[in-house]
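Working through the structure, step by step
Here is how the chains run, residue by residue.
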Amino acid sequence: MGVGPSHQGYGPGAPSLEAEALLRYPPARWSGWGCSLSWLGKALGCCREAESWADLLFSTRDVPVSQLWPNFAGPYMPAAVPGLGLSIARYNVGGCGRPEEQTGHPYGGSKVRGWFALIEGFQPVPNGEFDWTRDEGQRNFLHLAVERGVDQVELFANAPMWWMSNSSSSFGGSLAQPDDFANYLGEVASQARSGWGVPVRSVAPFNEPSADWWMFPHDQEGCKVNSSQQARVIAKLRDELDQRGLSDVVIAASDENRPDQAIRTWQELGKADVAGGPSGSYVGCLNVHAYDGLEPWLESRHRGFRSALRRIATVAGVPLCVSEHGNADSSGVTLAQVILEDFHYLQPASWCYWQPVEHHSSWGLVEADFGDAPSQEPKAADLPHPKYYIFAHFTRFIRRGMVMLHCSEPWAAASFAPEENSLAAVITNPTLGTSKQRLRLSAFVPKGRGSERRIQAVLTEPNRRRLFVPCEVEVQEAAGCLELLVELPARSICSVLLPNVCLSGTESKSLVESTSTNMDGVDSPGAAQAGKLRKHSHDDQLGVTVQMVSSMARAAAEGAALERWLGQADLQTVRCWSRWEHECGCAATAMDAIPPALPSADSGFSDLLEAVCAAAWGAANERKYGAGNPDAQQAWDRFARHIQQLAHRAGLSPETTNDLKWYVFNVSWMMVNLRWYGSSSTDHTEASDRAAHHFRQLGGSENVILRRCQKK
C-alpha cells in the first residue's frame, strides 16, 4: 500500500471497472447506520451476555469469540469479531397485552413466530393506565445501546395497541381508533425522553401500512392503515408531541415496503396537507423500506423509482431514510448491492438493517437460538455470517458525520471527513471473475507532500470465508487528483480509509479543459490578450473562475436538455445532474466553503447557481416546447433576476455583468442545440462562437468572477 506516481494502467492491463467519486451539492453529512431492536432486543436485553451483544452491534470494539461463541474458540478460529458501531436504534413500541388482558385470539394462534415476537405495549387495556414496567428486555437493550454511543433513537410501531385494531389484536387487522393511537405514541415518546432518558429523535407511527398482507391472524405484529387514517394520525400525533414539549421530535412516515408505494403514499399525504405542502409539513422525515415484498428492491427490476423518491424528498426539504432492509442471502452479496444501489439512486441520510440477530434465520447477520420461552438463555447458534462482515465494511468505514460523495457507478461508495482530512471508500467487485478497479477521487489531492500515509484497507471474500483480511490498495496521483486502484476477487468487497487528503479548490478546471477549446475558445490565442485588456477587479483573489462557471453552465444545460429529451429517470440524465452537483461543489470549495458548509448567503454564490440553472431550463424548455412556453419564459425571468442580484452582491462591473450574462446564455443554447441538432448544426456553432467571444471578454479561464468568502 502506498502513494505512487501516475502511470498508465494497473499491472498487466488496464482496470476493467472505473468510477469517479463526485461531490454532492448541497453537501450532506451521513446520519449513521442503525437497526431495529424489536425481537432481538426482547430476547437479548436481559440475558447474561447482553453487554457483549450490545458491544457487537453498537460499538467498534473487537468482541472476543470466547464471549458469544465459546464453542468456536480455538487456535484455528478468529480471536474476535469487529463491532458494527451502529449509531441509530429503532425501538419497537409494541401493541401486545398479556393473555388475560386480551379478548379472542390475540396473537394469531400457532402462527406466531415465537415468544420474542410478542412485544408488550404500555397501555394494556382500553383507555387504561400506562404500565412502564413492561417490555423490560427491549428497554434494557435500548439503554445498553445508548451507553455505547447511540445518539439517535427512533420509536416505531408495527401496530397499535391490540384494542385499537378492528381485530382486537396487534397481529393483523386495520386501525380502528386513530386518535387513541396518536395519544398512545405521544405518551410513550414523552416517557422515553424524560423517564428513560434516551435521545428520542423521531417517531414512526406506521410499518408498511399500505401492504395487503396484514390480515388477522398474522405471524407478527402489523396493521393496515389507509392514507386518510395516516394523515389523521400524523396531524394528531404532531399535536400530542407538541403538547408534551417534544416539538423537536420529528414524525417519520410512512415506512412503506417499496419505493413506488412510498411515492404514492407521500402524494396522498400531500393532498391531505400533512406532508410536503406549500405551507409546511407535519412529516419531518421520509422513511422507506428497501424491499420488493420479501425480496430486495433491485434497480434492474424497477428503474427510476428510487431517484423519483429522492426528488420528492428534496423538493419537500426533508431527509430520506432507509429505515428497514433484510434478506436471506447469508453471503452478503445481495446486501452490498442493495446498500450501494440505495446510495447511488436514493441517496439516503441513514440506513438501517432490520434485525442483525435473528432466531435461526439467515435474515440475521448473526443467527441465534432465542429459546422456546423467556426462561431459556439465548445463545449464538453459529459464528456471524459473511453478511455481517459485509455490513461492517460499510458501518466501520463510512461513519456518522462524514460528508457523502456520489460515485458514478453503483459498485462503489465514498465519504469524506473534512475535520480529519480523511476519505473512506467501499469498493465491490460485482462480477464473476477477478477485476482490476479504479476509483478516481476527482476533487481530492494529498495534504502535505511527502507525509506518511497509513492506509487502512480490508477485504472480505464471502465465497472463501476470507473475512476482514488486510489487502493491498494502490493510491496514486493522476491528472491532478488522487486515484484508488485495487484488484478484487469475484464477488468480494474492499474498504479503504485514506488519511491526509484535502479538497482541491481548482478541480473543476481540469475536468473540462480538454473539451473547452472548440466551444469556449479557452485555448484560443486571443484569450490571453483579452485577459490583459480587461481583468476583473477580483482576479487577485481566489474564488469562482470563468472556467468554473463554464463547467457549471455546461453540466446544467446538458442535464436540462437530456431531461427534456430522455426523461428524468434516464441514466444519462441522472449522471449529468450528478456532474452538475459536482461542479457546484467544486466552485463552492473555491469560495472556501468546505463541506458541509455553504458559501455565505450574501456572497452571490446562490444567485450564480440559480442563474446558471435558470438559463439551462430556459433553453431546454424553449427548444422542447417553443418560445412561448410559460415554463421557458419563467426560467428566463429567473435568469435575468438572479444575474442582477449576483452583480449587486458580488460588486460586478456593468461590463462584466453583461458578458457573464451572455456567456451563460450562449453556453446554455450551445449545449441544448448540440443535443437537439448535433455539433455541425448552425444553431450550435453560432451559439458556440458567441460564447467564445464573451469568454474572451471575461478574461479567460483563470479570471475570478466571484471572490472567495472572507473569513472573520
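Below is a summary of the structure that appears in this document.

Rules used throughout
Residues numbered from 1 in each chain as written. Predicted model: local features only at pLDDT ≥ 70, side-chain atom pairs only at ≥ 80, totals over all residues. Heavy atoms only, no water. Helix = DSSP H or I, 4+ residues; strand = E, 2+ residues; numbered from the N terminus. Buried < 20%, exposed > 50% of the residue type's maximum accessible area, 1.4 Å probe, protein only. Contact = heavy atoms within 4.5 Å. Areas by Shrake-Rupley, 256 points an atom, 1.4 Å probe, with all protein chains shown as cover. Salt bridge = Lys/Arg side-chain N within 4 Å of Asp/Glu carboxyl O. Pairing = 2+ DSSP bridges. Phe/Tyr/Trp six-rings, centres within 6.5 Å; stacked < 30°, edge-to-face > 60°. Lys NZ or Arg CZ within 6 Å of the ring centre and 35° of its normal. Axes fitted to C-alpha atoms, helices over the stretch in contact; angles between N-to-C directions. Left-handed = near helix turned anticlockwise from the far one by under 90°. Nonpolar A, V, L, I, M, F, W, Y, C, P; charged D, E, K, R; others polar. Expected span 1.5 Å × (residues − 1). Arc of directions from axis to C-beta. Polar contact = N/O pair within 3.5 Å; in protein donor to acceptor, adjacent residues only side chain to side chain. Core = buried A, V, L, I, M, F, W, Y, C linked by side-chain atoms within 4.5 Å. Parallel < 35°, antiparallel > 145°, perpendicular 65-115°, else oblique.

Some details on the overall build of the chain
Within the chain, the secondary structure is distributed over 19 helices and 32 strands. Here the chain, with 712 residues, has 61% of them falling under the buried criterion. Within the chain, contacts between residues separated by at least 24 positions form 77% of all contacts whose residues are at least 6 apart in sequence. When the accessible area of the chain is evaluated, it comes to approximately 27,000 Å², of which 48% is carbon and sulfur surface.

Observations regarding the pattern of salt bridges
Tallying each qualifying case throughout the model produces 35 salt bridges. Of the charged contacts in the structure, one is a salt bridge between Glu187 and Arg244, with a shortest N-O distance of 2.9 Å. A residue pair is termed long-range when its members are at least 10 positions apart, and Glu187 in helix H5 (residues 178-195) and Arg244 in the loop between helix H6 (227-243) and strand S11 (250-256) qualify at 57 residues. Classification of Glu187 as partly exposed rests on a relative accessible area of 27%. Between Glu299 and Arg306 there is a salt bridge, with its nearest N and O atoms 2.9 Å apart. Note on accessibility: Glu299 and Arg306 belong to one class, buried. Among the charged side chains, a salt-bridge network with shared partners connects Glu51, Asp55, Arg61, Glu147 and Arg148.

Notes on the sheet that holds strand S19 (residues 379-380)
The strand order across the open sheet built from 3 strands is S17-S18-S19, with neighbouring strands paired in mixed fashion. With partners counted over all chains shown, the strands left at the sheet margins are strand S17 (357-359) and S19, one partner each. With 3 bridges connecting them, S17 and strand S18 (residues 366-369) associate as parallel partners. Residue pairing in the sheet places His359 in a bridge with Ala368 of S18.

A few points about the packing of aromatic side chains
For the coordinates displayed, the defined rule picks out 35 aromatic pairs. Consider the rings of Tyr91 and Trp196, whose centres lie 5.5 Å apart with planes at 70°: the pair is edge-to-face. A residue pair is termed long-range when its members are at least 10 positions apart, and Tyr91 in strand S6 (residues 88-92) and Trp196 in the loop between H5 and strand S9 (200-204) qualify at 105 residues. Side by side, Tyr91 and Trp196 carry an identical accessibility label, which is buried. In this structure Trp196 comes out as buried when scored by relative accessible area, which is 11%. Grouped by ring-pair contacts, the aromatic residues Trp30, Trp33, Phe343, Trp351, Tyr353, Phe391 and Phe394 constitute a single cluster. Directly above the aromatic system of Phe156 lies the positively charged group of Arg90, at a separation of 4.3 Å from the ring centroid.

Focus on the packing of helix H14 (residues 546-566) against helix H16 (residues 605-625)
Following both chains from N to C, one finds H14 and H16 inclined at 35°, their axes separated by 8 Å at the closest point. When you trace H14 past H16, the crossing you get is right-handed. Residues Val549, Met552, Ala553, Ala556, Ala557, Ala560, Ala561, Glu563 and Arg564 of H14 form the contact with H16, whose own contacting residues are Leu608, Leu609, Val612, Ala616, Trp617, Ala620, Asn621, Lys624 and Tyr625. Taken together, the residues of the contact of H14 with H16 sort by class into 14 nonpolar, 1 polar and 3 charged.

Let's talk about the pairing of strand S26 (residues 466-470)
Relative to S26, strand S25 (residues 456-461) runs antiparallel, the two being bridged by 3 bridges. Residue pairing across strands places Val458 opposite Pro470, the latter belonging to S26. Connecting S25 to the antiparallel partner S26 that follows it, the hairpin turn spans 4 residues, and Arg465 within it adopts a positive phi of roughly 50°.

Side note on helix H17 (residues 630-650)
The end-to-end C-alpha separation of H17 is 30 Å, in line with the 30 Å expected for 21 residues at 1.5 Å each. Where H17 is concerned, the buried positions are Ala632, Ala635, Trp636, Phe639, His642, Ile643, Leu646, Ala647 and Ala650. On an axial view of H17, the arc spanned by its buried residues comes to 140°, and they lie on one face. Packed against the buried residues of H17 are H16, helix H18 (654-677) and strand S32 (704-707). Structurally, the start of H17 carries an N-cap: the backbone nitrogen of Asp631 is 3.0 Å from a side-chain oxygen of Asn629.

Notes on the nonpolar core
Side chains of nonpolar character tend, in soluble globular proteins, to be buried together. Formed by 128 residues in total, the largest nonpolar core has its most connected members in Trp33, Trp53, Phe58, Phe141, Leu155, Trp351 and Phe391. Non-local contacts of Phe58, meaning those with residues more than four positions away in its chain, are made with Cys35, Leu37, Gly85, Leu86, Ile88, Ala89, Phe141, Ala145, Arg148 and Val150. The next biggest cluster of nonpolar side chains, apart from the first, holds 54 residues, and it includes Val544, Met548, Ala555 and Val667.

Remarks on the packing of helix H15 (residues 571-590) against H16
The contact between H15 and H16 brings their axes to 11 Å, and the two run at 155°. Relative to H16, the element H15 is oriented roughly antiparallel. Judged by the sense of rotation from one axis to the other, the crossing of H15 with H16 is right-handed. Contacts between H15 and H16 involve Trp577, Trp580, Cys584, Ala587 and Ala588 from the former and Phe605, Leu609, Val612, Cys613 and Trp617 from the latter. Residue composition of the contact of H15 with H16, by class: 10 nonpolar, no polar and no charged.

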